[in-house]
Every structure is written in C-alpha cells, then in structure tokens.
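In case you want the letters, here they are:
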Number of protein chains: 2
Amino acid sequence: MLGRLNHVAIAVPDLAAAVAVYRNTLGARVTEPQALPDHGVTVVFIELGNTKIELLEPLGADSTIAGFLVKNPAGGMHHVCYEVDDILATRDQLKAAGTRILGDGEPKIGAHGKPVLFLHPKDFQGTLVELEQV
Amino acid sequence: MLGRLNHVAIAVPDLAAAVAVYRNTLGARVTEPQALPDHGVTVVFIELGNTKIELLEPLGADSTIAGFLVKNPAGGMHHVCYEVDDILATRDQLKAAGTRILGDGEPKIGAHGKPVLFLHPKDFQGTLVELEQV
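Residues numbered from 1 in each chain as written. Chains lettered and ligands numbered in written order. Predicted model: local features only at pLDDT ≥ 70, side-chain atom pairs only at ≥ 80, totals over all residues. Heavy atoms only, no water.

A. Structural context of the interface of chain A and chain B. Counting residues at the interface gives 37 residues for chain A, matched by 37 residues for chain B. Three residues stand out in chain A for area buried against chain B, namely L26, M77 and Q125 of chain A, and they jointly supply 25% of the buried area on that side. Linking chain A with chain B are 0 salt bridges. Along the contact surface separating chain A from chain B lie 7 residue pairs in polar contact (both at pLDDT 80 or more). If you list the elements that add at least two residues to the side of chain A that touches chain B, you get β1 (5-11), α1 (15-25) and β6 (76-84) of chain A. At 6 residues, β6 of chain A tops the list of elements feeding residues into the side of chain A that touches chain B. (Contact = heavy atoms within 4.5 Å. Buried area = accessible area lost by both parts, 1.4 Å probe. Salt bridge = Lys/Arg side-chain N within 4 Å of Asp/Glu carboxyl O. Polar contact = N/O pair within 3.5 Å; in protein donor to acceptor, adjacent residues only side chain to side chain. Helix = DSSP H or I, 4+ residues; strand = E, 2+ residues; numbered from the N terminus.)

Shown next, in the form of structure tokens:
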C-alpha cells in the first residue's frame, strides 16, 4: 500500500536562517514561505528532484511542533510522509492491524490541499508517519 | 549542488521487528538484511519508488548508532542522505562556507559502495546530513 515518499519534514526554530543554509550553503531550490494557521506552522519546501524536504517553523500559540522544539531546541527531523492511493482504505487496514491513528482518526486537509493522517510514532520505531492521499 | 534524496535512515533497536512492520503492516518492499561490520550496522532498504528508507540496527560493540539508541530507545529518524555529483568539490565548498565535516573529512565507502561524507547536525538545524557521490 505504501507509495512514494512525498516529503521529509524538519522542524526548525528560525525558518529564515534555515532557508539561508539550504539555499546558499547547499545550493538548493527553496519555495517561498507559506503560513498555514490551521496547522500552526509556516512551511517552505526544498525541491530535490525526486522528493521534497519540508521545513516547518511554529506559527501561533498552539503550534503542533512547539513541543518538539522544546525537546529539540536546535530543530530536527520531525516526520516522514508517504503517499497512498486511498487514505480511508489504508487507515482501515492499519487500524485492523492495531496501528494507532492520531487525532480523531479522520483525514485533515494538509499543506498540499490533500487529505492527510498521522500515525503514532510508537507503532513505527519512534518515527512519526504522515500518510497523504495523492 | 544538492541532488536527489538518496535515502532517509531510521535507527531501530530490533531490525526483524521493524521489517515486519514495514513489510506486513505497510505492505512495503524490503530488501534482505546486509551486515556492514565496517560501519557497525546491519541495514535493509525499503524501496519506495522515488527513494529509499534505510533501517539501521547496531552491529558489534562500536556501532556508530549505539549512542543514538541510548537516547532514543524505541528508535527514530537518524539522518538524510543527499546525492552530489562531486563529493570532494562539494566538501571543499561546504568547508569554505564554514560547515563542519565529521570524522577526518575524507570520504568513506558507504552502504552502496560509493563515497560518502557526514556533515555536522549543528550546521543543519539538528539534522545529520550524509552526502553520497553518485
């Protein structure tokens, strides 16, 4: 059921500083910052040819990545996002296998305008997994 | 200078258990385990179509990932690996920009039989970065 790697997300405390590193030091193509108040983050994407890196900076008081940055003040790898064809069918298969779905278990609309779900890192060797229907 | 994302590496305490999750629960294609005594790890690759996930289990007493698993006993995302055309030219550009290269700064032969270098996570928002010449 697992499709392509849509992106790897890295949480950063200072998006402008991180963009400078990727754009200037590593010579990468970086998109313009996009504020996503519903998700509590501002994002940019680093376009790598075969996939993307998503840099996430907290936005607002209730950012979902604020806690992560308290534990990892310098930033760090936050999650991986895999593409799936049918997010509801995948969710139901995973639930039947005992995988914990985060939140209320219903897909939300993600940064790309497509339905996404997050899976519990305890079920994936400490890695937070996002699924995106493409 | 940054090319494709070659792989995302995830350190795991129990490779067989992790392979079962990716193969059975997520329905992914997983390669057979490969012991790399020189790197202190046993690896498998999860083939995603556009890139790979590398699962790393410690091998031997001096594994480079042993310390990571002490801090993260359940496992977790360990590094990202970007492809470059010319690893020595890239290294020299990065050094000139102030980036710290790990070890003695000379490329080693990695899991794919190609030259690799690791860059200091403090220079990349807490993310350990591997470069591989392809």
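Now that the structure is up, let's keep going.
B. Just the relation of the copies chain A and chain B, in detail. Superposition record for chain A on chain B: RMSD 0.0 Å, screw rotation 180°, translation along axis 0.0 Å. Taken together, the turn and the small shift mark the pair as related by a two-fold rotation axis. No C-alpha of chain A lies nearer the rotation axis than that of N50 of chain A, which sits 2.9 Å from it. The fraction of interface residues of chain A whose copies in chain B are also interface residues reaches 100%, indicating that both copies meet through the same surface. (Least-squares fit on C-alpha atoms with pLDDT ≥ 70 in both.)

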